[in-house]
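# Observations on the three-dimensional arrangement
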Amino acid sequence: MSEHDHHDGGDERDDQDAVELSPERFAELEAEVAERHEVEERQLVAETSEGAQELAPRRTTSPGGLRQEVGAVLRLPEGGYVDPSDIDIEERDDQTMIINMGPQHPSTHGVLRLMLELDGETVLRTKPVIGYLHTGMEKQGEELTYVQGATNVTRMDYLSPLNNELVFSLATEALIGIELPPRAVWIRMLMSELSRVASHLMWMATNGMDLGSTSMMIYGFREREMVLSFFEKTTGLRMNTNFIRPGGVAADLPDGWEDDVDILCETILARSFEYDELLTGQPIFRERTEAVGSLSAEEALALSATGPILRSTGVPWDLRRTMPYLAYDTIEFDVIVGTYGDNFDRYSVRLNEIRESIRIIRQIVEMMPPGDYRVQDRKVTPPPRARIDESMEALIHHFKIFTEGFRVPEGEVYVAIESPRGELGCYIVSDGTSKPYRMHIRAPSFVNLQTLPLLLRGGLMADAVAVISSVDPVMGEVDR
Amino acid sequence: MSDAAPTAPVAAASILPEVPRLPNHLVDQLAFPRRETYKAMVAAFRDAGFEMCADLCAVDYLTHPGRALPEGVAPERFEVVVNLLSLSMRQRVRIRVQVPESEPEVDSIVDVYPGVDAMEREAYDLIGIVFTGHPDMTRILMPEDWEGHPLRKDYGVGRVPVQFKEAPGPR
């Protein structure tokens, strides 16, 4: 369809155009075309978009936003700025294409939506669009008592629910100022490490699937299921267990737990070497992971990336070691670091962390102290079930805890632990009532997702899947 | 808690000693800059070896105005809370800035720590603090056309019917 058909509609003009076109007329037509394209674009966008949250064409993006999206802010020396027009000056909107990946895409691990600007097969700009799984958990946390709170937070990072409960409980206990009996601490550590193993196994499975290794997916899920059956035996549930609560844990470990854990450790450790054989030595896997999605330590720090992403760049930062909580300072383990910060380093960091976790778990089994599994403070934890039949007071305490909860002194606290994905923080403001005044979770996936534009930049579209996978986002935690 | 022992307040104390602080607060050092000096202070901390901004969030103190603040800091409705982390010193510092209700704006620190990009957007989305100088101050978790900021205390839970975008309205 030619432009003048629409706008002029005259036959005699048609002939004129074919013969000669004055420069003014040409410019006029061009302007008309551009305007119509813009209208069409707006209409298209209006049908599908979230508006300003999306990746906009270059000409409508602010210079600051463009710098952000191409990661130019990071590559500059401190305080320096480039002329915004210098950024990819050779790229024009009509040479590139903005496409949507997700939110319904099998390799985005949930409902992550990426808008990618492509030049052929090369990714230039990326913008993660999130919020599809936003369920207002922080708001809900203000409506629930501290007793109920663990049930809420456990649903955020659904691949390692016990770590969420742990950080929430630690923050609450820091505000109350109670000391836990050693057995409670060690049970927490055991569950936290098992949770890390399960989460990393799940990552191995999905990462394998994204890179075309279906066997790895089956293996990863199989081994993870072993851990989850142990959770089921201990807590009653496979996931979202609400097992770690303010004041201790919900129940003691079941009889014969040492044997179960021993078998778990032995099997998973042995099989981790099979994964080595299946993936590490395989040329296709290596080619798809090595030197793909590299990140430097400075960039990772600037972007607040933590966990395996930060460690893969060579920074030995693991909160279990550097700012120990629970009883990690009494346990021997190595902090795994990489060198290049590429996909392969992130893979090997996680694989080796499974082995380190197993080393930790074996020490826990040996050193597990006897005693109470929760603090015997009737204001914080309910009395044993048997006491309720005998003691009126116990009944009252039980009733009070489960209807009103317990009061927490005024104050605010930020507690952070090392979750499988990085620094999982919990910021609680208490106004002295039984509900948090404000509960904020610093979700590692949410922050780590910011590295994606940088990791993907300049890479191939086909590698995007591998890179997303290696960042290991859990959308439940990203959106909360 | 085994990590309850307070770390030595080396770096935090040496920076900007005139900044009011609360003593012996759990584990972290606290600092309360004024809104005008907030960005400069964050930059000073970065230069003093706090390599990472671990967390940034906002709090609405509408129904809890009487929280503990050091002398000379007037409570305002909003507070922006920044958690900085020093890897080399293994230390955290928490910066709390008072932001008035009449003008819920504060300087963006995205130039100092690029990693607060998403966190500032989240604080804008959920509490409604505008970070001036942020290149992309848009909603991040809520839909673009959402009205109000859900984590504010005067935003009633359940008051607004859940409405999916472009779906026909309730009967």
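Since this is a predicted model, take the numbers as computed values, not measurements.

The rules behind each value
Here the residue numbering is sequential within each chain, running from 1 through the sequence in written order. Written order decides the labels, with chains lettered from A and ligands numbered from 1. The predicted nature of this model means local features are confined to residues of pLDDT at least 70 and side-chain atom pairs, given and counted, to a pLDDT of 80 or more, with totals for whole chains, interfaces and linings taken over all residues. Numbering of helices and strands runs from the N terminus; a helix is a DSSP stretch of H or I covering at least four residues, while a strand is a stretch of E covering at least two. Put plainly, a residue is buried at 20 or more neighbouring C-beta atoms within 10 Å of its own, exposed at 12 or fewer, and partly exposed in between, counting only other residues' C-beta atoms, which are placed from the backbone. Distance between backbone-placed C-beta atoms decides contact: two residues are in contact if it is within 7 Å. Each residue gets one label: Ala, Val, Leu, Ile, Met, Phe, Trp, Tyr, Cys and Pro are nonpolar, Asp, Glu, Lys and Arg are charged, and the others, such as Gly, are polar. Per-residue confidence from the predictor is given as pLDDT, running between 0 and 100. Every axis in this analysis is a line fitted to C-alpha atoms, fitted for helices over the stretch in contact. Angles between the N-to-C directions lie between 0 and 180 degrees. Should an angle fall under 35 degrees it is called roughly parallel, over 145 degrees roughly antiparallel, and 65 to 115 degrees roughly perpendicular, with every other angle called oblique. For any pair of crossing helices, the crossing counts as left-handed if the nearer helix is rotated counterclockwise from the farther one by less than a right angle, and right-handed if it is rotated clockwise. Pairing between strands is defined by DSSP: at least two bridges between the two strands are required.

### Comments concerning the overall build of chain A
Helices and strands together make up the secondary structure of chain A, namely 22 helices and eight strands. For chain A, the proportion of its 480 residues judged to be buried stands at 48%. The long-range fraction of contacts in chain A, counting pairs at least 24 apart against all pairs at least 6 apart in sequence, stands at 69%.

### Things to note about the interface of chain B and chain A
Taken together, the 36 residues of chain B in the interface contact 50 residues of chain A. Within the residue set of the side of chain B that touches chain A, elements represented by two or more residues are β2 (52–60), β3 (78–86) and α3 (117–126) of chain B. In terms of residue count, the dominant contributor to the side of chain B that touches chain A is β2 of chain B (six residues). A per-class count over the side of chain B that touches chain A returns 20 nonpolar, five polar and eleven charged.

### Regarding the confidence of the model for chain B
Residues and elements named next belong to chain B. Counting all residues, the mean pLDDT for chain B is 76, and 75% of those residues have values of 70 or more. By mean pLDDT, the top-scoring element of chain B is β2 (91), and the lowest-scoring one is helix α1 (residues 10–14) (45). In the predicted structure, residues 1–26 sits below a pLDDT of 50 and forms 51 contacts with residues beyond four places in sequence or in another chain. Interface confidence in the predicted complex, given as ipTM, is 0.81; pTM for the same model is 0.82.

### Comments concerning the packing of helix α8 (residues 161–176) of chain A against helix α9 (residues 182–210) of chain A
Residues and elements named next belong to chain A. The interhelical angle for the contact between α8 and α9, taken along N-to-C directions, is 140°, at an axis separation of 8 Å. Viewed along their axes, α8 and α9 adopt a mutual orientation that is oblique. The handedness of the crossing between α8 and α9 is left-handed. In contact with L162, N163 and L166 of α8, α9 contributes R188, M191, S192 and S195.

### Topic: the sheet that holds strand β2 (residues 113–119) of chain A
Residues and elements named next belong to chain A. Across the sheet, three strands lie side by side as β1-β2-β3; this open sheet has antiparallel pairing. Looking at which strands have only one partner, the edges of the open sheet turn out to be β1 (97–101) and β3 (122–129). Adjacent strand axes in the sheet meet at a mean angle of 25° when their direction is disregarded. In this structure, β1 lies alongside β2, joined through five bridges in antiparallel fashion. Counted as the bridge partner of M101 is L114 from β2.

### Let's talk about the pairing of β2 of chain A
Residues in a regular strand project their side chains so that they alternate between the two faces of the sheet. Residues and elements named next belong to chain A. Along β2, five of the seven residues are buried, which leaves the element largely enclosed by surrounding structure. In the sheet, β2 pairs with β3 via seven bridges, with the strands oriented antiparallel. Looking at the pairing, D119 lines up with T122 of β3. Counted along the chain from β2 to the antiparallel partner β3, the turn is two residues long, and its residue G120 has a positive phi close to 65°.

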